[in-house]
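As a plain string of letters, each chain reads:
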Amino acid sequence: MAVDSTTGTRAGTEVPVLAGAPLLGSLFDLTSNSLGTYLRAQQRHGDVVRVSAGPPGLRTELYCVFSAEGAQQVLASESANFRKDNPFYQEIRESLGNGLLTSQDEEYLRQRRLVQPLFTRRRVDGYASAVVSETRATLDAWAKAADGIVDVSDEMMHLALRAVARILFGTDVDATVDVIDRSFPVITEYVLRRGYSPANIPRSWPTPGNRRAAAAMEELYAVCDRIIAERRGAPDGRDGGDGPAGEDLLTLLAAAQSADDAAFDATELRDQVLIFLLAGHETTATSLAFTLHLLARHPEHQQRAYEEISRVLGDRAPEAADLDRLPYLTQVLKEAMRLYPAAPVIGRRAVAASRIGGLTVPAGANVILAPWVTHRHPAYWPDGDRFDPERFTPEAEAARPRYAWFPFGGGPRACIGQHFSMLESVIALAVMLREYEFEAVDHEIPVGVGITLRADGPARCRLRRRPARAGQDPEETA
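Our subject in this report is the structure included herewith.

How each quantity is defined
- In this convention, every chain numbers its residues from 1, walking through the sequence in written order.
- Since the coordinates come from a predicted model, pLDDT governs what is reported: local features require at least 70, and pairs of side-chain atoms require 80 or more to be given and counted, while whole-chain, interface and lining totals use all residues.
- Calculation of side-chain values draws on the structure's entire complement of heavy atoms; hydrogens and water are dropped beforehand.
- By definition, any uninterrupted DSSP run of H or I lasting at least four residues is a helix, any uninterrupted run of E lasting at least two residues is a strand, and each is numbered from the N terminus.
- When we talk radius of gyration, it's over C-alpha atoms, and the globule rule is simply 2.2 Å times the number of residues to the 0.38.
- Relative accessibility under 20% of the residue-type maximum defines a buried residue, over 50% an exposed one, and the middle range a partly exposed one, all with a 1.4 Å probe and only protein chains included.
- Any two residues whose heavy atoms approach within 4.5 Å at even a single point are treated as in contact.
- Exposure was quantified through the Shrake-Rupley algorithm and a 1.4 Å probe, taking into account, for residues, occlusion by the shown protein chains and nothing else.
- In what follows, a disulfide is any cysteine sulfur pair within 2.5 Å.
- For two strands to be treated as a pair, DSSP must find no fewer than two bridges joining them.
- Throughout, an axis means a line fitted to C-alpha atoms (over the contacting stretch in the case of helices), and angles, computed between N-to-C directions, take values from 0 to 180 degrees.
- Among buried residues, those of type Ala, Val, Leu, Ile, Met, Phe, Trp, Tyr and Cys that are joined through side-chain atoms within 4.5 Å constitute a nonpolar core.
- Given a helix with a known number of residues, its expected span is that number minus one, times 1.5 Å.
- Any pair of Phe, Tyr and Trp rings, taking the six-membered ring for Trp, is counted once the centres come within 6.5 Å. Such a pair is stacked with planes under 30 degrees apart, edge-to-face with planes over 60 apart, and tilted for the rest.
- Any Lys NZ or Arg CZ that is within 6 Å of a ring centre and within 35 degrees of that ring's normal is treated as a charge sitting over the ring.

## Structural notes on the overall build of the protein chain
Alright, step 1. When helices and strands are tallied, the protein chain shows 16 helices and twelve strands.
Alright, step 2. Taken over the C-alpha trace, the protein chain has a radius of gyration of 23 Å; the compact-globule value for 478 residues is 23 Å, and the two agree within 12%.
Alright, step 3. The dimensions of the protein chain, computed from C-alpha atoms along their principal axes, are 70 × 55 × 45 Å.
Alright, step 4. The proportion of buried residues among the 478 residues of the protein chain is 56%.
Alright, step 5. Within the protein chain, contacts between residues separated by at least 24 positions form 72% of all contacts whose residues are at least 6 apart in sequence.
Alright, step 6. Of the roughly 19900 Å² of accessible surface on the protein chain, 53% is carried by carbon and sulfur atoms.

## Describing the state of the cysteines
Alright, step 1. In this structure the tally under the stated criterion is zero disulfides.
Alright, step 2. Not part of a disulfide, C415 finds its nearest cysteine sulfur in C224, a span of 19 Å.

## With respect to the environment of A141
Alright, step 1. With respect to the helices and strands, the residue A141 is situated in helix α6 (residues 128-142).
Alright, step 2. What makes A141 partly exposed here is its relative accessible area of 46%.
Alright, step 3. Separated by 14 residues in the primary sequence, A141 and E155 place their C-alpha atoms 10.0 Å from one another.

## Notes on the sheet that holds strand β9 (residues 436-440)
Alright, step 1. With antiparallel pairing, the three strands of this open sheet are ordered in space as β4-β12-β9. In this open sheet, the two edge strands, each paired with only one partner strand, are β4 (149-151) and β9. Geometrically, the sheet is characterised by an average inter-axis angle of 40° between neighbouring strands, direction not taken into account.
Alright, step 2. Sheet topology places β4 next to strand β12 (residues 460-465); three bridges connect them, and they run antiparallel. Across the sheet, V150 pairs through a bridge with C461, a residue of β12.
Alright, step 3. Helix α16 (residues 418-435) contacts β9 and β12 of the sheet and is inclined by roughly 90° relative to β9.

## Comments concerning the nonpolar core
Alright, step 1. In this structure, F169, M432 and F438 are the most contacted members of the largest nonpolar core, which totals 144 residues.
Alright, step 2. Looking at which element gives the most residues to this core, the answer is helix α11 (residues 266-297), with 15 residues.

## Examining α6
Alright, step 1. Here α6 contains 15 residues, and its C-alpha end-to-end distance of 21 Å stays within 8% of the 21 Å for a straight helix at 1.5 Å per residue.
Alright, step 2. Listed in full, the buried residues belonging to α6 are A128, A130, V131, V132, E134, T135, T138, L139 and W142.
Alright, step 3. Elements in contact with the buried residues of α6: α5 (121-125), β4, α7 (152-169), α16, β9 and β12.

## Brief notes about unusual backbone geometry
A negative phi holds for most residues other than glycine; trans holds for most peptide bonds.
Alright, step 1. Not every positive phi belongs to a glycine, and D105 is a case in point at roughly 55°.
Alright, step 2. Checked against the element boundaries, D105 lands in helix α4 (residues 105-115).
Alright, step 3. With a relative accessible area of 47%, D105 lands in the partly exposed category.
Alright, step 4. One non-glycine residue, D383, lies in the positive phi region at around 50°.
Alright, step 5. Tracing the chain through its elements places D383 in the loop between α14 (371-374) and α15 (394-398).

## Section: the packing of aromatic side chains
Alright, step 1. In total, this model carries nine aromatic pairs according to the counting rule given.
Alright, step 2. A ring pair is formed by F392 and W405, whose centres lie 5.5 Å apart and whose planes are at 65°; its orientation type is edge-to-face. One end of the pair, F392, is in the loop between α14 and α15; the other, W405, is in the loop between α15 and α16, with 13 residues separating them in the sequence.
Alright, step 3. Note on W405: relative accessible area 14%, which makes it buried.
Alright, step 4. The lysine or arginine in question, R376, covers the ring of W372, its NZ or CZ lying 3.8 Å from the ring centre.

## Details of the side chain of E282
Alright, step 1. Counting through the fold element by element, E282 comes out in helix α11.
Alright, step 2. Setting aside residues no more than four positions away along its own chain, E282 makes contact with M157, T188, I451 and T452.

## Examining the pairing of β9
Alright, step 1. Burial along β9 is one-sided: the residues Y436, F438 and A440 are buried and none of E437 and E439 is.
Alright, step 2. By the bridge criterion, five bridges tie β9 to β12 in an arrangement that is antiparallel. Its bridge partner being in β12, Y436 is matched across the sheet by R465.

## Brief notes about the sheet that holds strand β2 (residues 60-65)
Alright, step 1. Within the open sheet, the five strands sit side by side as β1-β2-β8-β5-β3. Their pairing is mixed. Both outer strands of the open sheet, β1 (48-53) and β3 (82-83), are each paired with one neighbouring strand and no more.
Alright, step 2. Direction of pairing for β3 relative to strand β5 (residues 346-350): antiparallel, over a ladder of two bridges. Bridging across to β5, F82 finds its partner in A350.
Alright, step 3. Taken strand by strand, helix α1 (residues 27-45) contacts β1, β2 and β8 (366-369), and its axis lies near 155° from that of β1.

By themselves, these observations are geometric and do not establish any function.
Structure below.
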């Protein structure tokens, strides 16, 4: 059988199947190491591969698409044929509401029209000071770290949560972060278990797992509902947050109206807030943690990033305009997001049969895109496991297919918050790297897949305070 040397796809054949166990197929491989399983599927069979999992009668067939061209077809050029109708998205809807991440069709378009003005570049740039403030608070806490060692995975999760909560809720951060920090892990674990299970018992049955998840959802809903009610009852809906004109994102969401005067009701507001909390902190935390850890393992790249930060910022705080003035730091971040995409797997369901890479994906198929695999594809990324920020010079980016790198998805469902994520990440990295040098303590970090990519082990770094620069106020580094 001929194999296309560019795409790796076998020509003129049925979709090849990854070999699995006789009874359960690839179920154990997917549950124990899904990312490794998808990599193996691409290496053995090319860019469109069928993976079967589960016992007969309950078996799930996954049609995995690994090429940049296939990703563009699913997410952009034929996006209407590939919907968020799989069990995983349904579980998110039932746990965290039908916000922008999960809504579809006219409901999605209505939500997008209401939310889009809140994510313009000018609006998002106004949140830079909140990111700086929360990052400085993190640095203050690091001054007390035992032996100067911190786990950057845990620290970045805490930082990103506080930053997005502050931007969403304004001055209500402390009242909400503890509840979110306590509730989200319970809910996300519940969503994952049910989303990937071939069969589930009803949520209404009083099992220990159902009861734990219900209690976590009730607590999370209650704090969001309370803040929404308070904000709607405040004069002008304002509370002195950190956004432009003193408005936090919740205030703006509550005030949003479309051309036909449609607005969010209280439940819809809560749905959007919950999705923004989920998508706005776990993804950014993943990108920040792995960027820091990669730099800790590659001191030559860390030094080059530090020199750029020092040259551009001097002693002043970073601001939104610095995003374009820190090209090498941005390259570092993009390369970290290539190796460790926060959304390593993206699911869709095909409405009608479609030809991808010369092979037929049938109607009703569960379709898997895997940035984890595409971001390492040898057709686009020579020596794909190597950390090399030079892959993201403007010239190198222009030479690759558009969907060789897609950490924010793409097409009409591309992440609405991608500029905010990049802004937050570059600013936070600039503040941290200017003050501290990072040295890796744990050199290999096992990863797992939750709703987002996560470190499955410690990601510790030793911190060394950088010397004060000439003319700098000693109090800044105290």
